[in-house]
Amino acid sequence: HAFNWDARDPTNLSLNDGQRLTGKAVVGGIAHKTTLLRGLPKDATVELESAREETRGRGWIAGPGCTVPPDAPVENLRALGRTTRN
């Protein structure tokens, strides 16, 4: 019912293009190898807001391009949680 891929990888489809191509919900928007792992909380929320705008918040599930790295800073995960509740 949903597709997940690393939409932040410049060689992959954007979330919007994936929605158009599949007609399904998309999962992603947060760069798991860079922003989520080594970025600041504000960087993570900027990517989340960008993904929300790109998909107009419809047919989209916020998430990393792959999986949440086990050593991702808890501050980044908390920032994403706060942002998704807004």
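Everything discussed here concerns the structure shown above.
Conventions we followed
Residues numbered from 1 in each chain as written. Predicted model: local features only at pLDDT ≥ 70, side-chain atom pairs only at ≥ 80, totals over all residues. Heavy atoms only, no water. Core = buried A, V, L, I, M, F, W, Y, C linked by side-chain atoms within 4.5 Å. Buried < 20%, exposed > 50% of the residue type's maximum accessible area, 1.4 Å probe, protein only. Helix = DSSP H or I, 4+ residues; strand = E, 2+ residues; numbered from the N terminus. Contact = heavy atoms within 4.5 Å. Pairing = 2+ DSSP bridges. Axes fitted to C-alpha atoms, helices over the stretch in contact; angles between N-to-C directions.

1. Observations concerning the nonpolar core
For step 1, the next point in the chain: By size, the foremost hydrophobic cluster in this structure holds 12 residues: W5, A7, L15, V26, I30, L36, A44, L48, A51, W60, A72 and L80.
For step 2, the next point in the chain: Put simply, the parts of the chain that give this core at least two residues each are β2 (25-30) and α3 (41-55).
For step 3, the next point in the chain: It is α3 that contributes the most residues to this core, 3 residues altogether.
For step 4, the next point in the chain: Filtering out sequence-adjacent residues up to four positions away, I30 remains in contact with R8, L36, A44, E47, L48, G63, P64, G65 and L80.

2. Quick notes on the pairing of β2
For step 1, the next point in the chain: The buried count for β2 comes to 5 of 6 residues, which makes it a mostly enclosed element.
For step 2, the next point in the chain: By the bridge criterion, 3 bridges tie strand β1 (residues 2-4) to β2 in an arrangement that is parallel. Bridged to N4 within β2 is V27.

3. Quick look at the sheet that holds β2
Within a sheet, each strand pairs with its neighbour through backbone hydrogen bonds, oriented either parallel or antiparallel.
For step 1, the next point in the chain: Sheet architecture is open: 3 strands sit in the order β1-β2-β3, paired in parallel fashion. Strands with a single pairing partner mark the edges of an open sheet, and in this sheet they are β1 and β3 (60-64). Along the sheet, successive strands turn relative to each other by an average axial angle of 35 degrees, direction set aside.
For step 2, the next point in the chain: Along the sheet face, helix α1 (residues 15-22) touches β1, β2 and β3 and points at about 170 degrees away from the line of β2.

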